[in-house]
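Below are the chains, spelled out letter by letter.
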Amino acid sequence: MKRTLYLKFLLAYLLFGIFGFIVVATFVYSMTYERLRRDKAENMYQVATQVANTYAADLYNSETSLEAVHTQLVALSKYMSGAPIWIVNPSGRLVLDSSRVLGPKEEVIIQGFDPTVTGNSYYTTGTFWNSFSEETLSVFAPITANFKVQAYVVIHMSIASIQHSANEFLNISYLMLIVLFLLSMIILIFFTELVYMPLRKITTATEQYAAGNMGYEFSVESEDEMGYLAASLAYMAGEISRQEEDQKKFIANVSHDFRSPLTSIRGYLVAMQDGTIPEEMHSKYLGIVINETDRLTKLTNELLTLNNLNTKGMLLDKSDFDINSVIRNVAESFGGTCLDKNIGIELVLTDEKMLVNADMSKIQQVLYNLVDNAIKFSHKDSSVKIETTEKHSKVFVSVKDSGIGIPKEDQKLIFDRFYKSDASRGKDKKGTGLGLSIVKEIIKAHEENINVISTMGVGTEFIFSLPKSAVMDEVE
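Analysis parameters
Residues numbered from 1 in each chain as written. Predicted model: local features only at pLDDT ≥ 70, side-chain atom pairs only at ≥ 80, totals over all residues. Heavy atoms only, no water. Helix = DSSP H or I, 4+ residues; strand = E, 2+ residues; numbered from the N terminus. Rg over C-alpha atoms; globule rule 2.2 N^0.38 Å. Buried < 20%, exposed > 50% of the residue type's maximum accessible area, 1.4 Å probe, protein only. Core = buried A, V, L, I, M, F, W, Y, C linked by side-chain atoms within 4.5 Å. Pairing = 2+ DSSP bridges. Axes fitted to C-alpha atoms, helices over the stretch in contact; angles between N-to-C directions. Contact = heavy atoms within 4.5 Å. Salt bridge = Lys/Arg side-chain N within 4 Å of Asp/Glu carboxyl O. Phe/Tyr/Trp six-rings, centres within 6.5 Å; stacked < 30°, edge-to-face > 60°. Polar contact = N/O pair within 3.5 Å; in protein donor to acceptor, adjacent residues only side chain to side chain. pLDDT = per-residue confidence, 0-100.

**Q** Sorry if this is basic, but what is going on with the overall build of the protein chain here?
**A** Scanning the protein chain from N- to C-terminus turns up 13 helices and 12 strands. In terms of overall dimensions, the protein chain is more spread out than a globule: its C-alpha atoms have a radius of gyration of 52 Å, far above the 23 Å expected for 476 residues. On the principal axes, the C-alpha backbone points of the protein chain span a range of 160 × 65 × 35 Å. The buried share of the protein chain, taken over its 476 residues, is 37%.

Next up, the structure:
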């Protein structure tokens, strides 16, 4: 069995992990870094604004000394993890630096200093006009005095420290992704146990059935759709196996039922041809041959009838007709046979007229087959009872004999093709074993039911139902 489905699922699982790491390494890091940079810049700007409005403003208002302001800036720088805090004049001259003490004559000029570089923002990134060797985040806050910008408070922070913080968050994200990836293996385990393994069993079973091994057994212990699929497949295989057995039996029975009369016909004809049977006996044996050909004709006709009844989409010529009238006509057609065996037919019919909705010709065939069987297996000097009853918009027709009966173990098989119980073989010399199969198929085509009640030595009763005519209901 090719494991393409499982490999595809594993590939999807691995791709999920790979793309997860790619997304974390790109989007998550970028988003985290940008957020940290904005937060740092905002915090630094708040400190720079506070310095500009207090210590620095006091310095330019001559309310404090340069040394006192420097001391305050050093303390704030330590609080901010050593971030340098500068005070820079608009011309670019460095006035104070928290990271060092400028001498009285020391002058540091930031070449190209332009506080408008931030545009609509309050911070910028870079080397701050080549003041640092690494990329730095710098925040500006103006110092105003006498309604004029006197200088700027500038706070610097290394971009590397922000990236370091972003990397720490990224490592946490990686760790969470690994945990999720490992936890998602539970899904893989569940898929393997609940989907792939049962599916593999089902596929193996399908291959066995396709190879003709209908006896292959397998089981999927599951109550979900997969278990239902396995049970359905096993049931289908059982039905196919049973149909194959039925087909073999069917072919064997057809072969047997054709071979016996053909052998008999050939034997008598050869005997007449070579003189074994004298000429004065030809008439007798030709009569036997004719009976055998009639038997073959009946068997062929019944096989064709059964085949037509089994054809999918069989159309029934339904109409409203009097079932009682049909019963009377069928009973009259057996008059000669009943006289020969001294068997009476008793009719117990509900109402003078009982309309049903069905295919009249096919129901007539059902009645003919049932009455023919009843007479065939009845004892001499007995009777066959045909009765109709009405219940819940249904008409029930019963054909009951007082014959040999059907063994209990045979009753569920009597509607199978070519089936003949051992008790019936002695009496059913001309039967084909198809009569009751035809009856069953016709009733089934009408979406109705037929049942049998039989007791050995007492008799047999067949009861089938038909829908009552809607016209009859309106009259009532």
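From this point, the narrative continues.
**Q** How should the nonpolar core be read in this particular structure?
**A** Counting 36 residues, the largest nonpolar core has I323, I363, L367, L370, I450, F462 and F464 as its most contacted members. Of all elements in the fold, only α8 (323–333), β8 (355–359), α10 (360–376), β9 (383–391), β10 (394–400), α12 (435–445), β11 (450–455) and β12 (459–467) reach the threshold of two or more residues within this core. Examining the composition of this core, we find that 7 residues originate from one element, α10, more than from any other. Membership of the second largest hydrophobic core comes to 30 residues, among which are A41, I85, I87 and Y123.

**Q** Just to check I follow, could you spell out the sheet that holds strand β3 (residues 123–126) for this structure?
**A** Strand-to-strand pairing in sheets goes through backbone hydrogen bonds, with the strands running parallel or antiparallel. The strand order across the open sheet formed by 5 strands is β2-β1-β5-β4-β3, and the pairing between neighbours is antiparallel. The open sheet has two edge strands, β2 (94–97) and β3, and neither has a second partner. For this sheet the average axis-to-axis angle between neighbouring strands, irrespective of direction, equals 25 degrees. Taken together, the 4 bridges between strand β1 (residues 85–88) and strand β5 (residues 148–158) define a ladder with antiparallel strand orientation. Within β5, the position partnered with V88 by the bridge is Y152. Where helix α3 (residues 66–79) meets the sheet, its contacts fall on β1 and β2, and the angle it forms with β2 comes to roughly 50 degrees. The strands that helix α4 (residues 159–183) touches are β3, β4 (136–145) and β5; relative to β5, the one it contacts most, it runs at about 45 degrees.

**Q** Could you clarify how one ought to interpret the pattern of salt bridges in this entry?
**A** Pairing is possible between side chains of opposite charge, provided their charged atoms come close. One pass over the full model with this rule turns up 10 salt bridges. With a shortest N-O distance of 3.7 Å, D372 and K376 are connected by a salt bridge. Taken together, the residues D372 and K376, both in helix α10 and 4 residues apart, mark about one turn of the helix. For E448, the salt bridge identified is with K394, shortest N-O distance 2.7 Å. Of this pair, E448 sits in the loop between α12 and β11 while K394 sits in strand β10, and the two are 54 residues apart along the sequence.

**Q** I would appreciate a short explanation of the packing of aromatic side chains in the present structure.
**A** Remark: the centre distance and the inter-plane angle together describe each pair of aromatic rings, the angle taken between the planes. On inspection of all chains with the given rule, the structure shows 17 aromatic pairs. Residues W86 and F128 carry aromatic rings whose centres are separated by 5.7 Å and whose planes lie at 75 degrees to one another, so their mutual orientation is edge-to-face. Residue W86 is found in strand β1, and its partner F128 is found in the loop between β3 and β4; the two are separated by 42 residues along the sequence. Taking the relative accessible area as the measure of exposure, W86 reaches 7% and is therefore buried. Classification of F128 by relative accessible area gives buried; the value is 4%. Ring centres of F113 and F128 lie 6.1 Å apart, and the angle between their planes is 55 degrees; on these two criteria the pair is classed as tilted.

**Q** What is the right way to read the side chain of E448 from this model?
**A** The exposure class of E448 is buried, given its relative accessible area of 10%. Within the structure, E448 has its side chain in polar contact with the side chain of S465 (distance 2.7 Å). Apart from the residues within four sequence positions on either side, E448 is in contact with K394, I443, S465, L466 and P467.

**Q** Sorry if this is basic, but what is going on with the confidence of the model for the protein chain here?
**A** In regions of low pLDDT, the predicted coordinates are not meant to be interpreted in detail. Here the protein chain averages 84 in pLDDT, and 91% of its residues register 70 or above. By mean pLDDT, the top-scoring element of the protein chain is β1 (95), and the lowest-scoring one is helix α11 (residues 422–425) (44). When the criterion is pLDDT under 50, residues 422–429 qualifies, and its contacts beyond four places in sequence or with other chains add up to 12 contacts.

**Q** I would appreciate a short explanation of the sheet that holds β12 in the present structure.
**A** If you walk across this open sheet you meet the 5 strands as β7-β9-β10-β12-β11, and the pairing is mixed. Edge positions in the sheet fall to β7 (344–348) and β11, since each of these pairs with one other strand and no more. Across the sheet, the axes of successive neighbouring strands diverge by a mean angle of 15 degrees, strand direction being ignored. As paired elements, β10 and β12 share 7 bridges and run antiparallel to each other.

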